[in-house]
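Topology and contacts: notes
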Amino acid sequence: MLKKVPNPIDRHVGARVRMQRLVVGVSQEKLGGALGLTFQQVQKYEKGSNRISASRLQQIANMLDVPVSFFFEGAPNGVGGAESFGQPNVNAHVSDFMVSSEGVQLTKAFVRIKSAAVRRRVIDLVETLGEDEDV
């Protein structure tokens, strides 16, 4: 028996739910409780293994204080995973990072830095560290 693979758009929407939930500091249990669901159901939504209905997505958007369109930003193009004739979705690794705990923590800390010069030095540092990893 073959295991059903989640649709890439369902996975993307779920990942965006997770990212925004982490940004606002809400647990899966708290979000689930507000929606009348278990935290396990929220986990399934975030993994994309269960689809989120339009009405449920609207509820989640309201609770996380974002428009519904937020969840589709950067979503894969096409049907059945097919890409458009333009550039392929090269930002997938960025999206994967942004929905990780580390990505959310780093982003929150970075945007608190007021000095543009300091932000530039942080970027330079991270790029240098990334280059060292390639060796």
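My aim in this report is to walk through the structure given alongside it, one point at a time. (Residues numbered from 1 in each chain as written. Predicted model: local features only at pLDDT ≥ 70, side-chain atom pairs only at ≥ 80, totals over all residues. Heavy atoms only, no water.)

1. Observations concerning the pattern of salt bridges
A full pass over the atoms with the stated rule returns six salt bridges. A salt bridge links Glu46 to Arg18; the shortest N-O distance between them is 3.9 Å. One end of the pair, Glu46, is in helix H3 (residues 39–47); the other, Arg18, is in helix H1 (residues 8–24), with 28 residues separating them in the sequence. A residue is classified by how much of its surface remains accessible, and Arg18, at 26% relative accessible area, is partly exposed. (Salt bridge = Lys/Arg side-chain N within 4 Å of Asp/Glu carboxyl O. Helix = DSSP H or I, 4+ residues; strand = E, 2+ residues; numbered from the N terminus. Buried < 20%, exposed > 50% of the residue type's maximum accessible area, 1.4 Å probe, protein only.)

2. So, the nonpolar core
What tends to happen in soluble globular proteins is that the nonpolar side chains get buried as a cluster. By size, the foremost hydrophobic cluster in this structure holds 19 residues, and its most contacted members are Val17, Leu31, Ile52, Leu57, Ile60, Val66 and Phe71. Residue assignment for this core shows that the elements contributing at least two residues are H1, helix H2 (28–35), H3 and helix H4 (54–64). Sequence-distant contacts of Leu57, that is, excluding residues within four places in its chain, are made with Val13, Val17, Ile52, Val68, Phe71 and Phe72. (Core = buried A, V, L, I, M, F, W, Y, C linked by side-chain atoms within 4.5 Å. Contact = heavy atoms within 4.5 Å.)

3. Focus on the packing of H1 against H4
Contact geometry for H1 and H4: axes closest at 10 Å, N-to-C directions at 25°. As far as their axial angle goes, H4 and H1 are roughly parallel. Like other packed secondary-structure pairs, H1 and H4 cross with a definite hand, here left-handed. Touching Val13, Val17, Gln20, Arg21 and Val24 of H1 are Leu57, Ile60 and Leu64, all from H4. Of the residues contributing to the contact of H1 with H4, the split by class is six nonpolar, one polar and one charged. (Axes fitted to C-alpha atoms, helices over the stretch in contact; angles between N-to-C directions. Parallel < 35°, antiparallel > 145°, perpendicular 65-115°, else oblique. Left-handed = near helix turned anticlockwise from the far one by under 90°. Nonpolar A, V, L, I, M, F, W, Y, C, P; charged D, E, K, R; others polar.)

4. Quick notes on H1
Its 17 residues give H1 an end-to-end C-alpha distance of 24 Å, which sits within 8% of 24 Å, the value for a rise of 1.5 Å per residue. Turning to H1, its buried residues number three or more, namely Asp10, His12, Val13, Gly14, Ala15, Arg16, Val17, Met19, Gln20 and Arg21. Two or three places before Ile9, at the opening of H1, Asn7 has a side-chain oxygen 2.7 Å from that residue's backbone nitrogen. At the exit of H1 stands Gly25, carrying a positive phi of roughly 75°. (Expected span 1.5 Å × (residues − 1). Polar contact = N/O pair within 3.5 Å; in protein donor to acceptor, adjacent residues only side chain to side chain.)

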